[in-house]
Amino acid sequence: MDTMRISGVSTGAEVLIQCNSLSSLVSRRCDDGKWRTRMFPARNRNLRPSPTRRSFLSVKSISSEPKAKVTDAVLDSEQEVFISSMNPFAPDAASVASSIKYHAEFTPLFSPEKFELPKAFFATAQSVRDALIMNWNATYEYYNRVNVKQAYYLSMEFLQGRALSNAVGNLGLNSAYGDALKRLGFDLESVASQEPDPALGNGGLGRLASCFLDSMATLNYPAWGYGLRYKYGLFKQRITKDGQEEAAEDWLELSNPWEIVRNDVSYPIKFYGKVVFGSDGKKRWIGGEDIVAVAYDVPIPGYKTKTTINLRLWSTKAPSEDFDLSSYNSGKHTEAAEALFNAEKICFVLYPGDESTEGKALRLKQQYTLCSASLQDIVARFETRSGGNVNWEEFPEKVAVQMNDTHPTLCIPELMRILMDLKGLSWEDAWKITQRTVAYTNHTVLPEALEKWSLELMEKLLPRHVEIIEKIDEELVRTIVSEYGTADPDLLEEKLKAMRILENVELPSAFADVIVKPVNKPVTAKDAQNGVKAEQEEEKTAGEEEEDEVIPEPTVEPPKMVRMANLAVVGGHAVNGVAEIHSEIVKQDVFNDFVQLWPEKFQNKTNGVTPRRWIRFCNPYLSDIITNWIGTEDWVLNTEKLAELRKFADNEDLQSEWRAAKKKNKLKVVSLIKERTGYTVSPDAMFDIQIKRIHEYKRQLLNILGIVYRYKKMKEMSASEREKAFVPRVCIFGGKAFATYVQAKRIVKFITDVASTINHDPEIGDLLKVIFVPDYNVSVAELLIPASELSQHISTAGMEASGTSNMKFSMNGCVLIGTLDGANVEIREEVGEENFFLFGAKADQIVNLRKERAEGKFVPDPTFEEVKKFVGSGVFGSNSYDELIGSLEGNEGFGRADYFLVGKDFPSYIECQEKVDEAYRDQKRWTRMSIMNTAGSFKFSSDRTIHEYAKDIWNIKQVELP
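Calculation notes
Residues numbered from 1 in each chain as written. Predicted model: local features only at pLDDT ≥ 70, side-chain atom pairs only at ≥ 80, totals over all residues. Heavy atoms only, no water. Helix = DSSP H or I, 4+ residues; strand = E, 2+ residues; numbered from the N terminus. Contact = heavy atoms within 4.5 Å. Areas by Shrake-Rupley, 256 points an atom, 1.4 Å probe, with all protein chains shown as cover. Salt bridge = Lys/Arg side-chain N within 4 Å of Asp/Glu carboxyl O. Buried < 20%, exposed > 50% of the residue type's maximum accessible area, 1.4 Å probe, protein only. Pairing = 2+ DSSP bridges. Core = buried A, V, L, I, M, F, W, Y, C linked by side-chain atoms within 4.5 Å. Phe/Tyr/Trp six-rings, centres within 6.5 Å; stacked < 30°, edge-to-face > 60°. Axes fitted to C-alpha atoms, helices over the stretch in contact; angles between N-to-C directions. Polar contact = N/O pair within 3.5 Å; in protein donor to acceptor, adjacent residues only side chain to side chain. UniProt positions renumbered as here; feature names shortened; annotations may be inferred. Disulfide = S-S within 2.5 Å. Patch = residues over 30% accessible without salt bridge, like charges linked within 9 Å, V, L, I, M, F, W, Y side chains within 5 Å. Lys, Arg positive; Asp, Glu negative; His and termini not counted. Charge placed at Lys NZ, Arg CZ, Asp CG, Glu CD.

1. Points about the overall build of the protein chain
Scanning the protein chain from N- to C-terminus turns up 35 helices and 28 strands. Taking the intrachain contacts of the protein chain between residues at least 6 apart in sequence as the baseline, contacts between residues at least 24 apart amount to 75%. Of the accessible surface of the protein chain, which amounts to about 41,000 Å², a share of 48% is contributed by carbon and sulfur atoms.

2. Considering the pattern of salt bridges
One pass over the structure, following the stated rule, counts 60 salt bridges. One salt bridge in this structure joins R729 and D917, with 2.9 Å as the shortest N-O distance. In this pair, R729 sits in strand β24 (residues 729–734) while D917 sits in helix α33 (residues 902–921), placing the two residues 188 residues apart along the sequence. Take R729 and D917: they sit in the same class, and that class is buried. Through salt bridges with shared partners, one network takes in R262, D297, R312, D377 and R381.

3. A few points about the sheet that holds strand β20 (residues 561–563)
Strand order in this open sheet of three strands is β18-β20-β19, and the pairing throughout is antiparallel. The open sheet has two free edges, formed respectively by β18 (452–454) and β19 (502–503), since each of these has just one partner strand.

4. A look at the nonpolar core
A general feature of soluble globular proteins is that nonpolar side chains tend to end up buried together. One finds W314, M458 and W954 to be the most contacted residues of the largest nonpolar core, which totals 158 residues. Beyond its immediate chain neighbours, meaning those up to four positions away, W954 contacts K149, A151, Y153, M216, A400, Q402, I946 and Y949.

5. Let's talk about the packing of aromatic side chains
Tallied over the full model, the rule gives 40 aromatic pairs. When the centroid spacing of 6.0 Å and the interplanar angle of 70° are considered together, the rings of F271 and Y368 count as edge-to-face. Residue F271 is located in strand β11 (residues 260–271), and its partner Y368 is located in helix α10 (residues 357–386); the two are separated by 97 residues in the primary sequence. By relative accessible area, F271 is classed as buried at 0%. Accessibility expressed as a relative area gives 1% for Y368, which makes it buried. With a centroid separation of 6.4 Å and an interplanar angle of 50°, the aromatic rings of Y711 and F870 are classed as tilted. One end of the pair, Y711, is in helix α24 (residues 700–715); the other, F870, is in helix α31 (residues 862–871), with 159 residues separating them in the sequence.

6. A look at the sheet that holds β11
Taken together, the nine strands give an open sheet; going across it, the order is β11-β14-β15-β8-β7-β16-β17-β21-β22, and neighbouring strands pair in mixed fashion. Edge positions in the sheet fall to β11 and β22 (602–604), since each has one partner strand and no second. Here the average twist between neighbouring strands, direction ignored, is 25°. As judged from the three bridges shared by strand β21 (residues 575–577) and β22, these two strands associate in the parallel manner. Considered in β22, the bridge of V575 is made with F602.

7. A short note on the environment of T677
Structurally, the position occupied by T677 is in helix α23 (residues 652–677). The exposure class of T677 is partly exposed, given its relative accessible area of 25%. The spatial distance from the C-alpha of T677 to the C-alpha of I239 is 9.2 Å, given a sequence separation of 438 residues. Excluding residues that lie within four positions of it along the chain, T677 makes contacts with I771, F772 and P774. A polar side-chain atom of T677 sits 2.7 Å from the main-chain carbonyl oxygen of I673. Here Y679 takes part through its backbone nitrogen, which lies 3.2 Å from a polar atom of the side chain of T677.

8. Some thoughts on the UniProt feature "modified residue: N6-(pyridoxal phosphate)lysine" (unreviewed entry) in the protein chain
UniProt records the feature "modified residue: N6-(pyridoxal phosphate)lysine" (unreviewed entry) at K808, using the numbering of this structure. Here K808 lies in helix α28 (residues 805–811). On the basis of relative accessibility, which here comes to 6%, the residue K808 falls in the buried class.

9. Regarding the state of the cysteines
Two cysteines, two sulfur atoms, one covalent bond between them: this is a disulfide. Scanning the model with the defined rule gives zero disulfides in all. Sulfur of C371: no disulfide; nearest cysteine sulfur belongs to C411 and is 3.6 Å away. Look at C371 and you get buried, because its relative accessible area is 0%. The exposure class assigned to C411 is buried, which follows from its relative accessible area of 1%.

10. Regarding a negative patch on the surface
A surface patch of negative charge is lined by E393, E394, E428 and D429. Structurally, the position occupied by E428 is in helix α13 (residues 427–437).

11. Considerations on the environment of F122
Locating F122 in the fold gives a position in helix α2 (residues 117–146). In sequence terms F122 and F110 are 12 residues apart; their C-alpha atoms lie 9.4 Å from each other. Discounting residues that sit within four places of it in the chain, F122 has contacts with L109, F110, L254, S255 and P257.

Listed below in structure tokens is the structure:
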């Protein structure tokens, strides 16, 4: 290790720099005579002074107040340590090994006498983080200096997945780290497997957000992500004889090597209290419960670029002064720490159960914390970058806020509150700024997912925001009345009922008499004659009632609610769906009244996934084949080049390599299944996979009933007949049922019961296996998706907004079976109809099919009745499936009448599965279909999606670091 001694620029302080090829130890003798030491990553192995090439290393903090040039304690704010030849380089294995050993010794989280896999992971991650921090700081210093417009992506979920392999891959350091770890007695794959998946999301919403961050960084767009730092995640799923059980996630128990707590970046968050007028005549929100949100930053590196953006996660706490020491010493320990617990629990769990009032209040607190802390941070950054000349009209020219679904909708009243109450703007100016800044992505057409909050709860928890929302609602009413007039009171009433933000709430006083319906109309002769008859009937009825008087039931007032989706549409300048069919449903059905009023707001942004994580890194076998046949690795950044595979789809050499890569991936999954479930499966069987959140509309129930039907038919045949009639299959499920979603948990239980029966049936053997992989997460998906051959995306048409797993499967050469729902429609168009197995009703038929069912006209197919009867025979154990199968029975009633049309689509589904078997028997045909799926998946890169957001919604430009 080389050593240099340098004198301070302004103070004469002595600085000692010890440098190896990957890092620098900077030590400084302080005024007290003691040495303070800090390690920095280096960019060049040659640190000898150069007379011709020089640069400066400044150590900075990514905070909201980047006024001081240097915030590290090692250096004074006016000092910059000169280090020669600090240019980017690709470090060799020896350099990396030295850095890893350094962190194992000097950044320890484990005892010094052992150097085992967990310790190796943390030391390796910290070594990689050194490289990220330099680019991270450089990125934001440059953004601050040029004062670019920046996008901020607010989401309740970020399902990141493991970071080590992704970071090493994006930095182009796979070989260096792989070789270095071999020198230390490890391999990169084993070390990377020690990393727990961050428990910051649940499904497609969070995974999409993470793909977007990767694309933002890779494409050099100035952007940040904002979320919450959930200590215990959603839950860790365990599968027992009783079905799904939930346990707290433990991903933070050994700490997170990627995050950096920013103790200097924290903001006050208030709940409850009251609104008063201040001495200046402005509204003030005072009293109540006060907590603090603290920033934890995670670097997000781009692929083959210096740009490294930030995911800022908020954690909540109460100040130490809120700990009641007097109560504690008097033995009231729980009471003493109550304020601390109430603050910290906000970030304990993703989507806490909301059956209780307390649960609802906690969810609302989470959403407000995300919005308030993030907006305070964004506003502070805007003010800092503006210097001493803050012009609030320029705020939308420097800031774009994207709300990922309705969870962050409180951004709208919160930004209004900050601008009016804290910055002194008028209502009119604050409203113009807010509308120009905020945009909303809709992810669902399900009524229960279009959030509504109790007005009573919100009035207690966020009294100032309710005042603002009431004012926005009043302005909306004024707009509606102005647009439609009062001549047709029925039409006006219909529009107000559909569009108002406040549901079941009286009209504002200024519009109390706007709907006036005629009470009397001219009486015709026919009316008079009917009136006489009516009076006679009334007299007759009155006489009968005297004998048997009926007391009318008391009327129940409908609850007063705040409709967050309506608020998001009104308060933002853009509303987008996430697939072409979904965006059309949004415009024609969900928000049709708003489309008529503001058609220019609505647009489509079809989702995408990052090709870095979802093919380049998770499927190296296939990636190498693609690169070899296309002749370049540029497809990782320009997925349009994947289309070049089409011209080789029938090439026997490519097909042979393609099948070999699939087989290698399947062997990995065979090991995973054995490890997680104890079952042994054959890699020669078709791998048929459905992995997604367990929900009735996603129709895992249709899939498992299809498997039951397949099993029943097998049992009716001889061994030779079975082998001739059916292709061997391993049917794999994965996904979590929300803890309080009883029907979804019944589906999980049913799948595992069916699996237990089939997998232990010696007559069936390897011809059919059913696997439920417990605790499905990103890391499991990274194994399953490359091994998949058939993937099921079988939601009821019109109910899936887009889906993103369908894109990942297609990108990895998996053939899809599905309905015309979400992004399936566009995938089928791109890969070719002949390379997609289609079945089921179409979205525009669903309403009439449900109506037909309600009228008792639906006649179930005999195959469907047959499979239900088989389930009820007890073949899958003593557990009763009455409630589950009962949801498919009857013509009306909550939880009945087959709302998701499983029975309607069942015969079509079975017929389509027979076509799957037929195609799979012809491996040349199947491999061609697989290649065509990868070739046609180029549209579904999140790079394309982010380019569209940047151009059409955010109006931000790519900024490449010098």
